[in-house]
Amino acid sequence: MSVSVESDPESPEIDDAVPPARRRFGVAGWLAAGVALGLLLGLVAGLLIVPSFTRPGEDSAEAGFARDMSTHHAQAVEMGMLAHQKASDSDVRTLGGDIALTQQAQIGMMQAWLREWKLGPTGSQPRMAWMPEGSAGLENGLMPGMATDAERAQLRSATGKAFDVLFLQLMIKHHLGGIHMAEEVVKLTDNAEVLRLAQGMVANQRNEVAAFQQLLTKLGG
Amino acid sequence: MSISTPAGDKRRPSAVSTGKKPPAGKSSSSSTSSTSTARKPSTASKAAGTAARPGGKAGGAGGGGKGRKPITPVKVSQGRSWGPIAMFVAVGVIAAGIIGYGSWAAFKGSQPWEQKAADIDGIVNYRDNPDKTLTEANHAWGPLTYKLTPPVGGNHNYNWQNCMGDVYDAPIANEHAVHAMEHGAVWVAYKSGLAADQVEKLASKVRGNEYMLMSPIENLDHEVSLQAWGYQLKVDSVDDGRIDQFISALRQNATVEAGATCSGGITATGTTPRDIGKDQQGG
């Protein structure tokens, strides 16, 4: 008996040790269990009854990509339409029209996502904030590869072969910036639709960059 | 579990009253504390169920009979009851918090843009105005007259002003700007002569953002006037937080021609509309 007295507090196999042990875990232990269970319960119930838990949110990478790539694409559409209207080389004209039509359609897809996700076209975060160190990549507030106001004005006033060369140079830069953004969202998202479109952009725009470079060589730019 | 708290309290006096029994050895005391622990819930629930004081007393006597001191059951009862209570409170608060926040965020986030616009202090919604000429949308050539300065809608030129985040340094034609707003653009107008650093602050909100354009207006009645189709907000400081609110709520959302673009428009300044395409049309 006297032995069991001494071993009492430590020996777990004896019933006697249970109450002190319970007291030691006491409120803190129960509280920890409660926090864990509460988080689990809240998340499970939330996933079931709150639709916003299952779709990209206001500051998500998916929403940031949809908004920023829409803006990035819109400038490619502007430049592509200029090329379609006034390029002197027929291949450049064709490429300009292709870019404008494709990217305008993609803008429509991305804007439809935002509407489906109940998000507005204008985010509360700075451009590129959805990418790691993304906002550091802004140049004078413009996303990577975007033409400046001066470059856009230059392109509008250029004619003939000079226009073709400038268009190709600006579009190579534009595409490289766009490819970078699309690659980033591929790393960040598990949304099947976003992945499909972004992966397509990367593959397609890489091919177009190669085509631009060939055309530049042909034009002697 | 919540029953155990009052039951445990009720048990205290009965446990004390049975403390008169002669104390046993130390080992037996700790072993009885475990038996009393095991017994207590049933005793407590019985006591709560019958609400009979003698019954409770008897149960207490049985439990405490072998016990050494009344202190032990009291301590055990505290450890057993507060833990579960804390747990269930935590479960409830956290679960309710997550669901509540999620629901609130979903509700807030999915508010229609019209509601967000209506919440902006000082905004005027002309879409509800009985004067429908303010927001009618036919195409016309030549100079047009507008009742509002700057206009927020109405008939307009066939050509729209380019609104690819264009920052115009001179006044532009209302006839083109109205068409840009029909496409979903927010037109940021400022009073001519605004300090250069103030103009730059505004320009930084516009540049590089499609569905935005900016231009000065001579003798504007406020420092800054923001327009989208059917909406207007006039403020006197470029630092006014409502400027961002207006842009966020109305840019692109206010379009009455979903999907219409901002590129391919007039990029020249000057307040006389340019009737490009009129000759081909024979109008």
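Residues numbered from 1 in each chain as written. Chains lettered and ligands numbered in written order. Predicted model: local features only at pLDDT ≥ 70, side-chain atom pairs only at ≥ 80, totals over all residues. Heavy atoms only, no water.

## Comments concerning the overall build of chain A
Point 1. The helix and strand inventory of chain A stands at seven helices and zero strands.
Point 2. Across chain A, helices and strands are ordered from the amino to the carboxyl terminus as α-α-α-α-α-α-α.
Point 3. Residue pairs in contact within chain A that sit at least 24 positions apart in sequence constitute 75% of those at least 6 positions apart.
Point 4. Of the accessible surface of chain A, which amounts to about 11,000 Å², a share of 60% is contributed by carbon and sulfur atoms. (Helix = DSSP H or I, 4+ residues; strand = E, 2+ residues; numbered from the N terminus. Contact = heavy atoms within 4.5 Å. Areas by Shrake-Rupley, 256 points an atom, 1.4 Å probe, with all protein chains shown as cover.)

## Examining the overall build of chain B
Point 1. Per the secondary structure count, chain B includes nine helices and six strands.
Point 2. Out of the 283 residues in chain B, the part that is buried amounts to 44%.
Point 3. Taking all contacts inside chain B whose residues are at least 6 apart in sequence as the whole, residues at least 24 apart take part in 71%.
Point 4. Within the structure as shown, chain B displays about 13,300 Å² of accessible surface, and the carbon and sulfur contribution to it stands at 56%. (Buried < 20%, exposed > 50% of the residue type's maximum accessible area, 1.4 Å probe, protein only.)

## Details of the nonpolar core
Point 1. Phe 65 and Phe 167 of chain A are the most contacted members of the largest nonpolar core, which totals 49 residues.
Point 2. At the level of secondary structure, the elements contributing two or more residues to this core comprise helix H3 (61-86), helix H4 (90-116), helix H6 (160-188) and helix H7 (192-219) of chain A.
Point 3. Tallying contributions element by element places H6 of chain A first for this core, with 12 residues.
Point 4. Filtering out sequence-adjacent residues up to four positions away, Phe 167 of chain A remains in contact with Met 79, Gly 80, Ala 83, Val 92, Gly 96, Ile 99 and Leu 155 of chain A.
Point 5. Residues Ala 203, Met 212, Leu 233 and Phe 246 of chain B belong to the second largest nonpolar core, which totals 27 residues. (Core = buried A, V, L, I, M, F, W, Y, C linked by side-chain atoms within 4.5 Å.)

## Here we look at the pairing of strand E3 (residues 186-191) of chain B
All names here are of chain B.
Point 1. With respect to burial, E3 is a largely interior element, five of its six residues being buried.
Point 2. Judged from the six bridges that link them, E3 and strand E4 (residues 212-217) form a sheet pairing that is parallel. When the bridges of E4 are listed, Trp 187 appears paired with Leu 213.
Point 3. For the handedness criterion, the β-α-β arrangement of E3, helix H7 (residues 196-206) and E4 is classed as right-handed.
Point 4. Pairing geometry for E3 and strand E5 (residues 224-228), over four bridges, is antiparallel. Pairing of Trp 187 across the sheet is with Gln 227, part of E5. (Pairing = 2+ DSSP bridges. Right-handed = clockwise from strand over helix to strand, strands pointing away.)

## Some words on the environment of Gly 141 of chain A
Point 1. Looking at where Gly 141 of chain A falls in the secondary structure, it is placed in the loop between H4 and helix H5 (149-157).
Point 2. Residue classification places Gly 141 of chain A among the partly exposed residues on the basis of a relative accessible area of 44%.

## Notes on the pattern of salt bridges
Residues and elements named next belong to chain B.
Point 1. Across all of its chains, the model carries 20 salt bridges over all chains by this definition.
Point 2. Here Glu 200 ties to Arg 207 by a salt bridge, and the two come within 3.2 Å at their closest N and O atoms.
Point 3. The exposure class assigned to Arg 207 is partly exposed, which follows from its relative accessible area of 25%.
Point 4. Of the charged contacts, one joins Asp 239 and Lys 201 as a salt bridge, the two residues approaching to 2.9 Å between their closest N and O atoms. One end of the pair, Asp 239, is in the loop between strand E6 (231-235) and helix H8 (242-250); the other, Lys 201, is in helix H7, and 38 residues separate them in sequence. (Salt bridge = Lys/Arg side-chain N within 4 Å of Asp/Glu carboxyl O.)

## Section: the UniProt feature "transmembrane region" (unreviewed entry) in chain B
Point 1. What UniProt calls "transmembrane region" (unreviewed entry) maps, in this numbering, to residues 85-107 of chain B.
Point 2. The span residues 85-107 of chain B is 100% helix and 0% strand, and its two end C-alpha atoms sit 32 Å from each other. (UniProt positions renumbered as here; feature names shortened; annotations may be inferred.)

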